[in-house]
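# Coordinate analysis (summary)
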Amino acid sequence: MYRGKLYCRNVFSFVTTSLKPKYIHTSSNKRINIRNQTVVTQNIEEGALASQLAAILQACFGPSNLHQGRQVHAQYLVSGIINDDALLGARILGMYVLCDSFADAKEMFYNIELWCTMPWNWMIRGFVKMGMLDFALLFYFKMLGCGVLPDKYTFPYVVKACDGLNNVQMGKLVHETIVSMNFDVDAFAGSSLIKLYAENGCLDDAQLLFDKIPVKDCVLWNVMLHSYVKCGKGNDAMKVFNDMRNNGTRPNSVAFACILSLCSSEEMIGFGAQLHGLVVIFGLEFASQVANTLMAMYSKCGHCFDARKLFDMMNHRDLVTWNAMISGYVQNKLTKEASLLFREMISAGVKPDSFTFSSFLPAVTESMCPNQGKEIHGYIVRNGVVTDMFLKCALIDIYFKGGEVKVACRIFNKSTKVDIGMCTAMISGYMLHGMNINALEVFRWVVQAKIRVNTLTLVSILPACVGLVAVKLGKELHGNILKNGFQTRCHVESAIMDMYAKCGRLDLAHRVFIRISERDTISWNSMITNYCQNGKPVEAMDLFRQMGIVGMRYDCVSISQALSACANLPALHYGKEIHGFMVKNAFNSNLFAESALIDMYAKCGHLNLAHRVFNTMTLKNEVSWNSIIGAYGFHGHLKECLSLYNEMLENGIRPDHVTFLGIISACGHAGLVDDGIHYFRCMTEEYGIQARMEHYACMVDLYGRAGRLTEAFETIKSMPFLPDTGVWGTLLGACRVHGNVEFAELASGHLFALDPQNSGYYILLSNILADTGQWGRVLKIRSMMKERGVQKVPGYSWIEVNNITHMFVSADGSHPHSAQVYSMLESLLLELRREGYGPQPLVAYPQNSVI
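All figures in this text were calculated on a predicted structure; none of them were measured in a lab. (Residues numbered from 1 in each chain as written. Predicted model: local features only at pLDDT ≥ 70, side-chain atom pairs only at ≥ 80, totals over all residues. Heavy atoms only, no water.)

### A few points about the overall build of the chain
Heads up, the rule is: Per the convention used, a helix needs a DSSP run of H or I reaching at least four residues, while a strand needs a run of E reaching at least two, with both numbered from the N terminus. Exposure is judged per residue with a 1.4 Å probe applied to protein chains only, and the accessible area is read against the type maximum: over 50% gives exposed, under 20% gives buried, and values in between give partly exposed. The contact definition used throughout considers only heavy atoms, calling two residues in contact when any of these lie within 4.5 Å. All accessible areas in this document rest on Shrake-Rupley with a 1.4 Å probe, and a residue is counted as covered only by the protein chains that are shown.
Looking only at helices and strands, the chain has 47 helices and two strands in total. Scored against the burial criterion, the 851 residues of the chain give a buried share of 44%. For the chain, the proportion of contacts with a sequence separation of at least 24, taken over those separated by at least 6, is 58%. If you sum the accessible surface of the chain, you get close to 45,200 Å²; carbon and sulfur atoms cover 55% of it.

What follows is the structure in structure tokens.
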């Protein structure tokens with residue numbers, strides 16, 4: 001542009017100095033003679049002036065040349081050349097459009113003859129350039145109304161206007177007009193039409209038009225290639241790329257960048273490496289766009305070493321290159337490497353932009369350094385970095401995860417423009433801190449503002465219904481999901497299942513599950529987990545079997561939840577089978593699956609097998625140590641439990657809240673109250689771990705088992721949050737053991753309010769009152785149960801016979817093996833009585849009777 005500007009000035013200077021009319025000031029007669037000579041040579045001079053002005057006009061193609069363009073226009077007006085030349089006026093109009101002076105272009109348009117197509121084309125092009133797409137189409141139809149026929153230069157910009165408005169029907173009408181006027185669809189109009197069709201889901205129309213274009217340049221191939229990539233049709237995109245090469249068209253950097261973006265998965269890394277070799281052959285490996293796409297491909301496939309090697313080989317690194325490498329490190333959880341590269345970028349004098357910080361801030365969140373996040377925010381403010389929506393989302397996220405809720409809210413409230421991403425970040429942040437009502441308020445505002453929600457927003461807000469146990473609200477959100485057509489997304493349906501299950505509606509959760517057309521591993525795992533967490537281990541195991549039957553691949557989550565179901569049954573035989581499956585399929589190296597295996601063996605009564613699994617683990621993290629410590633604590637082996645705790649510390653593993661939960665529970669079972677108090681204080685004071693609800697429940701149980709009910713009640717009063725049914729239920733159970741009516745009535749009052757349909761609390765209180773002889777109050781409790789419609793849930797037990805687990809309810813005669821079991825027991829009792837053991841029967845029992 002600079003060279004064009006210099007050329008324009010030089011030519012204009014030549015014209016204004018060499019073509020001025022010259023008069024000889026001697027006498028009037030001589031002057032008249034000179035004027036007559038000027039009239040004779042006027043046509044020659046005008047022709048020379050016109051050609052030179054045309055050269056200057058052609059050089060004016062940018063905003064910096066607007067002044068020279070206006071001078072040329074003035075020279076035309078002074079010379080009178082423009083008066084009868086409509087095409088020249090159209091060229092001046094085009095100059096104003098190219099120089100972004102649309103006001104001058106509009107004034108010129110209404111002062112020239114409009115019988116030719118050129119001025120209309122320039123105005124349509126100008127409107128498209130300004131983004132005024134409606135006016136571009138309006139001028140197109142106005143041109144047709146004036147009887148001016150479009151030419152091949154009209155259609156590319158008209159189609160671009162249709163594309164910008166996503167108006168496929170109008171695009172098809174323009175396409176029909178092109179065909180009816182016997183114009184061949186050239187590369188310019190064709191690429192615009194193909195882009196319009198592809199971006200609006202009309203891939204068949206795009207391919208049909210593409211096949212009809214006789215001469216295809218690289219740009220046209222790239223448009224078709226990008227269309228398939230954008231629509232997620234990888235196989236078709238690869239076919240287009242191969243056809244492009246077979247057709248003799250040499251792929252450029254745009255084509256390679258487009259096809260390489262498909263290879264960002266582990267399954268296609270081999271093909272991506274082959275394309276990398278082809279890029280090297282074509283000499284495009286250091287083209288910025290291709291190199292950045294290659295780095296992104298290697299990073300997304302987990303090959304950060306290859307990405308960094310390519311990064312180090314690049315002689316010229318632009319801002320996009322640095323951003324791509326930092327983003328790759330963050331995506332692969334390499335926070336230390338991302339921080340080092342960020343510092344290296346600053347040292348190299350490369351100024352980070354909003355995308356840099358949007359990519360880097362999650363690394364700060366992962367490293368749990370909120371102060372570093374504040375420092376980066378300060379750098380952003382001091383250096384005037386533009387805070388776009390993505391950067392604001394990252395800042396909101398880091399402040400929420402750092403516990404700075406007010407700062408995150410301040411960023412959101414001060415934003416003049418808000419999109420769905422920022423609202424989703426606010427909802428997720430509120431949910432992280434259990435602020436369910438605040439999250440719902442943000443979602444309600446989103447709906448009122450008519451901001452279109454996405455699947456991530458809906459998945460983020462559904463847990464709020466769980467926190468508030470609001471099934472009705474969950475159903476309304478489910479209806480909104482169905483209305484917007486999001487129910488076909490598997491992760492959304494999994495979130496809906498999870499919401500219903502955690503709200504106690506397993507029936508609705510299962511109904512959603514069976515209606516999923518294409519169930520992935522996540523949906524199966526979600527339903528199995530829901531059954532496990534809601535006390536349905538049998539159903540969880542059945543679903544686990546079905547998952548294998550339909551050919552779904554198990555992962556560590558599936559295995560862990562199946563082992564949890566085996567532990568809750570208990571079903572040692574199935575647990576051992578899963579253990580064998582783990583060894584055979586290399587799941588025995590997964591820390592979480594092995595930890596679940598330890599828990600299963602411990603809860604099935606085989607502590608020795610649990611310890612054997614622990615000893616064979618090559619790697620142990622805090623979850624593994626917590627599992628074995630909890631296993632020994634569950635069996636009341638406090639000495640071994642504390643020994644493992646000390647060994648854990650010696651191995652450099654920092655204990656967490658789960659570790660202390662197992663130790664405090666073990667102290668309670670062993671009756672060592674002072675030790676339990678010591679480890680509770682050690683957790684809160686020495687390690688700074690905030691006590692949770694379950695820790696307070698353990699402390700209440702610790703005091704309750706020792707009969708120190710007053711201290712148990714004081715512990716409840718000191719809780720920083722409202723106690724739940726688990727805490728009050730623990731106190732009520734201790735009152736039953738020690739016969740304390742006063743605290744029993746206090747605890748039961750809270751329990752009846754929190755969970756009025758739980759029959760266990762009513763039975764416990766009535767038993768406590770019965771032990772003290774208060775039969776009138778016992779009857780009152782029984783009457784209350786009838787009034788509230790509370791029914792006593794019978795207890796049940798499991799027994800494993802011949803590697804098969806059977807469940808029996810008290811006085812159960814419905815089990816298919818119950819008659820056989822009772823017959824065996826009757827025969828055994830009769831035989832014992834014949835031998836003289838136990839009292840003799842007073843009456844003869846009828847056959848198949850229940851003893």
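Having seen the model, we can carry on.
### Concerning the pattern of salt bridges
Under the convention used in this document: In what follows, salt bridge is the name for a side-chain nitrogen of Lys or Arg lying within 4 Å of a carboxyl oxygen of Asp or Glu.
A complete count under the given rule lists 16 salt bridges for this structure. The salt bridge involving Asp205 is made with Lys172; its shortest N-O contact spans 3.5 Å. With Asp205 in helix α12 (residues 203-212) and Lys172 in helix α10 (residues 168-180), the pair connects residues that are 33 residues apart, well separated along the chain. Lys374 is the partner of Glu404 in a salt bridge, and the nearest nitrogen-oxygen pair spans 3.1 Å. Here Glu404 is found in the loop between α23 (389-401) and α24 (405-413), whereas its partner Lys374 is found in helix α22 (residues 370-382), with 30 residues between them in sequence.

### Brief notes about the UniProt feature "repeat: PPR" (unreviewed entry) in the chain
Keep this limit in mind: UniProt positions are given in the numbering used here, feature names are shortened, and annotations may be inferred rather than shown by experiment.
In the numbering adopted here, UniProt assigns the feature "repeat: PPR" (unreviewed entry) to residues 116-150, 217-251, 318-352, 520-554 and 621-655. Within residues 520-554, the helical portion is 74% and the strand portion 0%, while the C-alpha atoms at the span's ends are 11 Å from each other. Secondary structure over residues 621-655 splits into 74% helix and 0% strand, and the C-alpha atoms at its two ends are 10 Å apart.

### Brief notes about the packing of α23 against α24
What counts, and what does not: For every element, the axis is a line fit to its C-alpha atoms; helices are fit only across the contacting stretch, and the angle between N-to-C directions ranges from 0 to 180 degrees. The scheme is simple: roughly parallel for angles under 35 degrees, roughly antiparallel for over 145, roughly perpendicular for 65 to 115, oblique for anything else. In this scheme, a crossing is called left-handed if the near helix is turned counterclockwise away from the far one by less than a right angle; it is called right-handed if the turn is clockwise. In this classification, the charged set is Asp, Glu, Lys and Arg, the nonpolar set is Ala, Val, Leu, Ile, Met, Phe, Trp, Tyr, Cys and Pro, and all remaining amino acids, among them Gly, are polar.
Where α23 contacts α24, the two axes come as close as 7 Å, and the packing angle between them is 165°. As summarised for this structure, α23 and α24 are arranged roughly antiparallel, according to the angle between their axes. Taken as a pair, α23 and α24 cross one another with a handedness that is left-handed. Contact with α23, carried on its side by Leu395, Ile396, Tyr399 and Phe400, involves Val405, Val407, Ala408, Ile411 and Phe412 of α24 and no other residues of that element. Classifying every residue of the contact of α23 with α24 gives nine nonpolar, no polar and no charged.

### Remarks on the nonpolar core
Formally: Put simply, buried Ala, Val, Leu, Ile, Met, Phe, Trp, Tyr and Cys residues joined by side-chain atoms within 4.5 Å make one nonpolar core.
Core analysis: the biggest nonpolar cluster contains 256 residues, and Ile194, Ile396, Ile559, Ile578, Met600, Phe660 and Leu731 have the highest contact counts within it. At nine residues, the largest contribution of residues to this core is made by α23. Setting aside chain neighbours within four positions, we find Met600 in contact with Leu563, Cys566, Ala567, Leu572, Gly575 and Lys576.

### Comments concerning the packing of helix α7 (residues 118-130) against helix α9 (residues 155-164)
The contact between α7 and α9 brings their axes to 9 Å, and the two run at 30°. Here α7 lies roughly parallel to α9, going by the angle between them. When you trace α7 past α9, the crossing you get is left-handed. Seen from α7, the contacting residues are Ile124, Arg125 and Val128; seen from α9, they are Tyr157, Val158, Lys160 and Ala161. Class assignment of the residues belonging to the contact of α7 with α9 gives a composition of five nonpolar, no polar and two charged.

### A closer look at the confidence of the model for the chain
Note the cut-off: Every residue is assigned a pLDDT by the predictor, reflecting its confidence on a scale from 0 to 100.
Residues with a pLDDT of 70 or more make up 82% of the chain, whose mean pLDDT is 80. Scored below 50 in pLDDT, residues 1-44 makes 34 contacts in the model with residues more than four places away or belonging to other chains. Confidence drops under pLDDT 50 across residues 838-851; counting only partners more than four residues distant or on other chains, this segment forms nine contacts.

### Description of unusual backbone geometry
The residue Asp100 is not glycine, and still its phi comes out positive at about 60°. Structurally, Asp100 can be placed in the loop between α5 (86-98) and α6 (102-109). By relative accessible area, Asp100 is classed as partly exposed at 47%.

### Here we look at the environment of Asn767
If you trace the backbone, Asn767 turns up in helix α45 (residues 759-771). Relative accessible area serves as the criterion here: at 26%, Asn767 is assigned to the partly exposed category. Spatially, the C-alpha atoms of Asn767 and Gly739 are 9.5 Å apart, while their sequence positions differ by 28 residues.

### Let's talk about helix α36 (residues 607-616)
Worth spelling out the cut-off: Comment: arc refers to directions from the helix axis out to C-beta atoms.
Taken as a whole, α36 has its buried residues at Leu607, Leu609, Ala610, Val613 and Phe614. Along α36, the residues classed as buried sweep out an arc of 165° about the axis, all on the same side. Every exposed residue of α36 that faces more than 90 degrees away from the buried side is listed here: Arg612 and Thr616. Looking at the buried positions of α36, the neighbouring elements they touch are α34 (572-584), α35 (591-603), α37 (622-634) and α38 (638-650).

### Regarding the side chain of Ser627
Structurally, Ser627 is set in helix α37. Residue class for Ser627 comes out buried when judged on its relative accessible area of 14%. Excluding residues that lie within four positions of it along the chain, Ser627 makes contacts with Ser595 and Ile598.

### Let's talk about the packing of aromatic side chains
How we decide: Two rings belonging to Phe, Tyr or Trp (six-membered ring only in the last case) form a pair when the distance between their centres is within 6.5 Å. Interplanar angles under 30 degrees mark stacking, angles over 60 mark edge-to-face geometry, and anything in between is tilted.
If you walk through the whole model with that rule in mind, you get 27 aromatic pairs. Where Phe109 meets Tyr110, the ring centres are 5.2 Å apart and the plane angle is 85°; that geometry is what we call edge-to-face. A relative accessible area of 51% places Tyr110 in the exposed class. With 5.5 Å between their ring centres and 65° between their planes, Phe400 and Tyr430 make a pair best called edge-to-face. One end of the pair, Phe400, is in helix α23; the other, Tyr430, is in helix α25 (residues 420-432), and 30 residues separate them in sequence.

### A short note on the state of the cysteines
Where we set the bar: Pairs of cysteine sulfur atoms within 2.5 Å are identified as disulfides in what follows.
Summed over the entire model, instances satisfying the criterion amount to zero disulfides. Distance from the sulfur of Cys263, which forms no disulfide, to the nearest cysteine sulfur (Cys301) is 7.8 Å. Residue class for Cys263 comes out buried when judged on its relative accessible area of 0%. Here Cys423 stays free of any disulfide, with the sulfur of Cys393 as its closest cysteine sulfur at 8.6 Å.

### Here's the deal with helix α19 (residues 319-331)
As a reminder, the rule being used: A helix is expected to span 1.5 Å multiplied by its residue count minus one.
Helix length check: α19 (13 residues) gives 18 Å between terminal C-alpha atoms against 18 Å at 1.5 Å per residue, within 8%. One or two residues past the end of α19 sits Lys333, with phi positive at roughly 65°.

### Thoughts on the side chain of Ser359
Condition: We call two N or O atoms a polar contact when they sit within 3.5 Å, provided that within protein one can donate a hydrogen and the other can accept it, with sequence-adjacent residues counted only if both atoms are side-chain atoms.
Turning to its location among the elements, Ser359 is positioned in helix α21 (residues 354-366). Here Phe355 takes part through its backbone oxygen, which lies 2.9 Å from a polar atom of the side chain of Ser359. Filtering out sequence-adjacent residues up to four positions away, Ser359 remains in contact with Ser327 and Val330.

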